[in-house]
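Observations on chain architecture
Residue-level listing of the chains:
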Amino acid sequence: MTGLDDLTRPPGRPPRLLYGADWNPEQWPEDTWTEDLRLMRRAGVTTVTLGVFSWARLEPEPGAREFGWLDRLMDLARDHGIGVVLATPTASPPPWLGRLHPETLPRDEDGRTEWWGSRQHFSHSSEAYRRHAAAITEDLAARYARHPALVMWHINNEYCTYDWGDEAARTFRTWLQDRYGTLDALNTAWGGDFWSQRYADWDEVLPPRRAHYLRNPAHVLDFRRYTSDMLLDCYRAERDIVRAHTPHLPVTTNLMPFWSGQDGWAWAAEQDLVSVDVYPDPAAPRAGAHENAFLADLTRAEAGGRPWMVMEQAAGAVNWRPVNRPKPEGLNRLRTLQAVARGADAVHFFQWRASRQGAEKFHSGMLGHSGPRGRGFRESVRVGADLARLGPRVAGSRLPAGGVAVLHDWDSWWAQRHEGALSDRLDQGELVRTWHRALWEAGLPTTLAHPHHDLTAHPLVVVPHLYLLDDTALDNLRRYAAGGGRLVCGFFTGVADPDDRIRPGGMDARLRALLGIDRVDEWWPLETGDRVDCGAFHGTLWSEELVPAPGAEILATYRGGELDGRPAVLRHGPTRYLSTLPEPAALRALLAEAAAEAGVRPVLAGLPDGVEAVRRGGLLFLLHHGREPVSVTVPGRHRDLLTGATVDSALTLDRFGAAVLEEQP
Ligand code: GAL
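By convention here, each chain's residues receive numbers from 1 onward along its written sequence. A pLDDT threshold of at least 70 governs which residues receive local features in this predicted model, and a stricter bar of 80 or more applies before side-chain atom pairs are shown or counted, although totals over entire chains, interfaces and linings include all residues. As a rule here, side-chain values cover all heavy atoms of the structure and leave hydrogens and water aside.

It is worth spelling out the pattern of salt bridges at this point. A pair is scored as a salt bridge if a Lys or Arg side-chain nitrogen falls within 4 Å of a carboxyl oxygen belonging to Asp or Glu. Tallying each qualifying case throughout the model produces 62 salt bridges. Among the ionic pairs, Arg342 bridges to Asp297, the shortest N-O distance being 2.9 Å. With Arg342 in the loop between helix H12 (331-341) and strand S9 (344-349) and Asp297 in helix H11 (residues 285-302), this residue pair connects regions lying 45 residues apart in the sequence. There is no split in this pair, since Arg342 and Asp297 are both buried. The salt bridge involving Glu662 is made with Arg393; its shortest N-O contact spans 2.5 Å. Here Glu662, found in strand S26 (residues 658-663), pairs with Arg393, found in helix H13 (residues 375-394); they are 269 residues apart in sequence, far enough to count as distant. The way it works is that DSSP assigns letters per residue, a run of H or I at least four long becomes a helix, a run of E at least two long becomes a strand, and they are numbered from the N terminus. Three labels apply to residues, based on accessible area from a 1.4 Å probe with only protein chains included: buried if under 20% of the type maximum, exposed if over 50%, partly exposed otherwise in between.

Residues are said to line a cavity or pocket when one of their atoms sits within 4 Å of a point; the points come from a 1 Å grid over protein atoms alone, cavities being sets where a 1.4 Å probe fits but cannot get out and pockets being open sets with protein on both sides within 12 Å along at least five of seven lines. Grid points are joined across faces, edges and corners, and a volume is the space filled by probe spheres set on the points. Counted as a void, the largest pocket has a volume near 1100 Å³. For the lining of the largest pocket, the secondary-structure elements that each account for two or more residues are H11, helix H15 (428-441), strand S11 (446-449) and strand S22 (611-616). With 5 residues, the top contributor of residues to the lining of the largest pocket is S22. In this structure, the second largest pocket occupies an estimated 800 Å³ of space. Lining the second largest pocket we find 27 residues, and of these Gln27, Phe53, Ser118, Gly358 and Ala359 sit closest to its centre. For the lining of the second largest pocket, the leading source of residues is helix H3 (residues 55-58), giving 3 residues. Amino acids outside the nonpolar list (Ala, Val, Leu, Ile, Met, Phe, Trp, Tyr, Cys, Pro) and the charged list (Asp, Glu, Lys, Arg) are all regarded as polar, and Gly is one of them. Across the lining of the second largest pocket, the residue classes break down as 11 nonpolar, 11 polar and 5 charged.

Between any two strands, pairing holds if DSSP finds at least two bridges. Overall, antiparallel pairing links the 3 strands, which are arranged S15-S16-S21 in an open sheet. Edge positions in the open sheet fall to strand S15 (532-533) and strand S21 (581-582), since each of these has one partner strand only. Pairing analysis gives 2 bridges linking strand S16 (residues 538-540) to S21, with the strands arranged antiparallel. Across the sheet, the residue bridging to Thr540 is Leu581, located in S21.

A word on the domain arrangement of the protein chain. Split by domain assignment, the protein chain resolves into domain 1 (5-167 + 208-394), domain 2 (404-598) and domain 3 (611-663). Domain start and stop positions are those given by an automatic or database domain assignment. A separation of 36 Å is found between the C-alpha centroids of domain 1 and domain 2. Opposite the 33 residues of domain 1 that make contact, domain 2 presents 26 residues. For any pair of parts, buried area is found by adding up, for both, the accessible area (1.4 Å probe) each one loses once the two are put together. For the pairing of domain 1 and domain 2, the buried interface totals around 2500 Å² over both sides, and the portion due to carbon and sulfur atoms is 63%. When the area that domain 1 buries against domain 2 is broken down by residue, the three leading residues are Phe258, Trp265 and His290, summing to 28%. Remark: the boundary between domain 1 and domain 2 carries 3 salt bridges. Pairing of N or O atoms within 3.5 Å defines a polar contact, subject to two protein rules: one partner must be a possible hydrogen donor and the other a possible acceptor, and residues neighboring in sequence count only if both atoms are side-chain atoms. Linking domain 1 with domain 2 are 13 residue pairs in polar contact (both at pLDDT 80 or more), by the criterion used here. Within the residue set of the side of domain 1 that touches domain 2, elements represented by two or more residues are helix H9 (217-245), helix H10 (264-268) and H11. Should any heavy atoms of two residues lie within 4.5 Å, those residues are considered in contact.

As a further point, take the site of the ligand. The ligand sits among Phe53, Arg119, Asn157, Glu158, Asp277, Tyr279, Glu312, Trp320, Phe350, Glu360 and His363. One of the side-chain nitrogen or oxygen atoms of Arg119 is found 2.9 Å away from an oxygen atom of the ligand. In this structure, Trp320 approaches the ligand through a side-chain N or O atom, which is 2.8 Å from an oxygen atom. Accessible surface is estimated by sampling points in the Shrake-Rupley manner with a 1.4 Å probe; for residues, cover comes only from the protein chains shown. If the ligand stood free it would expose 310 Å²; the protein chains cover 94% of that surface. We call a residue near a given molecule or strand whenever any one of its heavy atoms falls within 4 Å of it.

Attention now goes to the environment of Val251. By the element assignment, Val251 lies in strand S5 (residues 251-252). Considering only alpha carbons, one finds Val251 and Ser275, 24 residues apart in sequence, at a separation of 9.9 Å. Dropping the residues within four chain positions of it, Val251 is found in contact with Trp153, Ile155, Tyr235, Arg239, Val242, Arg243, Gln271, Asp272 and Leu273.

So, about unusual backbone geometry. Residue Gln351 is reached from Phe350 by a cis peptide bond, and omega for that bond is -5°. By the secondary structure assignment, Gln351 is in the loop between S9 and H13. For Phe258, which is not glycine, the phi torsion reads 45° and is therefore positive. Its location among the elements puts Phe258 in the loop between strand S6 (254-255) and H10. Relative accessible area serves as the criterion here: at 6%, Phe258 is assigned to the buried category. Even without glycine at this site, Asp500 takes up a positive phi of about 65°. Within the secondary structure, Asp500 is located in the loop between strand S13 (486-490) and helix H17 (509-515).

Structure below.
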């Protein structure tokens, strides 16, 4: 078993897309359970996630086990033909764990304790937490390993805790000893001679707690690497327990959407299928459409191009923004189809039935407070019917390989976001989103990649901003360009090595040779709202005092101000270098031109504004993110799998409308 394949292709039955939600029936009287299952059947639900926050129910006191309620639910799910994604309950320890073992509670950088009373109040480093988490996981796995309803494991939930406490200090030292071997090597890597920070004893090494002034960036960088690794270690421990009982079932954990704390590449490599939580703001449908596309491209890339899973999205409103708007009619369906278009084989929601109590009582569910007659539930039924129709043609298929690759790496993101930076406006994550959005708006097939990945399948690679690049990455980029690949590289890239030490010359010499840069004399960050005139466009956020190398062609020049007459954009062989961030339309045009030169074409030419086209498994998905009806020209004859209608060279998409077209002979 390596993922969703067996689940989406049940033996003797046509392939299907999974559809479901977190189900928290322990919050409800038992007489609602069969009604829930009946309504799930009506909505076309295939699978539910059980038990995410059920530790206090399963283990009401230390060592006790209360499985009866879960036995009944598992049996009911089986009887109704619904598969169970069973969660280990370890994201929210029962209050008794914190009472008996206060050291399980994480501390923030000021030394303040995160108490029970919410969730995720556990230290990744706590031996007691890990012991208790392993014990409940072991018993859960042993009990349900052979239950016919069990189809998949969901470990913990959105691993996202930091810890600066004493237990963390202990494991941080061990992590550093593994990385550096000796204290001398650590002192060298962290530049211990700066501000007298040389350590004489391992016991002096602490997590980067509150300090008088700027903290050591190499120290903070290692703490971020360590935190991602420690959380991953917690995941692996539970994964290995459940795997030993059910080697044939996939194991996943739901990643937070593009969260800076988890190295998504490293985490994905440890999962049988990659799943992610996706919550774009429904108040801004166009920005949300891009966010959905971006997260889909990232998750698919993390999954190595294989089908992936939306573990959570909201059917309507969430309850954690300052103002929480519901999804307007049709948007839930559109977002679901968009995720499927971009490679998802499974779409789950948080949650099935909206809670009446607790911190999330205003969060939507597939079955909202207005009940089965409400708009939300009717839309859940419609989405289920659409997915059932698409499943046999779509499940298991992939998007075409190639297209544009956007490079992103957490290591660089962590190093770049430091309190002693040249500009706190600079954020690699935001830049990656901005460049991806420009490509998405240009209608180009796009994915993400790690700078170590084999890039040869991509005619065009873009690097929005990678401050830190190791030697492997730099050599990879050089090889890629030497082999005929085209590269567009953004500013302030290749500046630091893996110890966050500035490379001689302020930018790696190999990269300068590749990009046609003799040197960068000064970096000139810009204030928010500042624009710098570059002739054909305006630059924002950043600018540079560049000296080009012989052979570099100057494509744009700064006009006015201190950088007057200096190059802003360079072309050198197959590469372009952007020393500023062009405004959105200019960035889009520039990347579209580079894509055209590289032979990457938009998925479908001539689309009206707001319409997205995606090809998956030989089908053409058309997704309309606007509210006014539009007419779309599609050469040839097609059948719309959603309606069964024949489409002869054009079709109309209504507000938030979608079509999934199969070419007809
Ligand atoms: C997620 C979380 C869910 C639920 C949801 C609400 O972060 O995994 O348990 O809280 O947010 O939007």
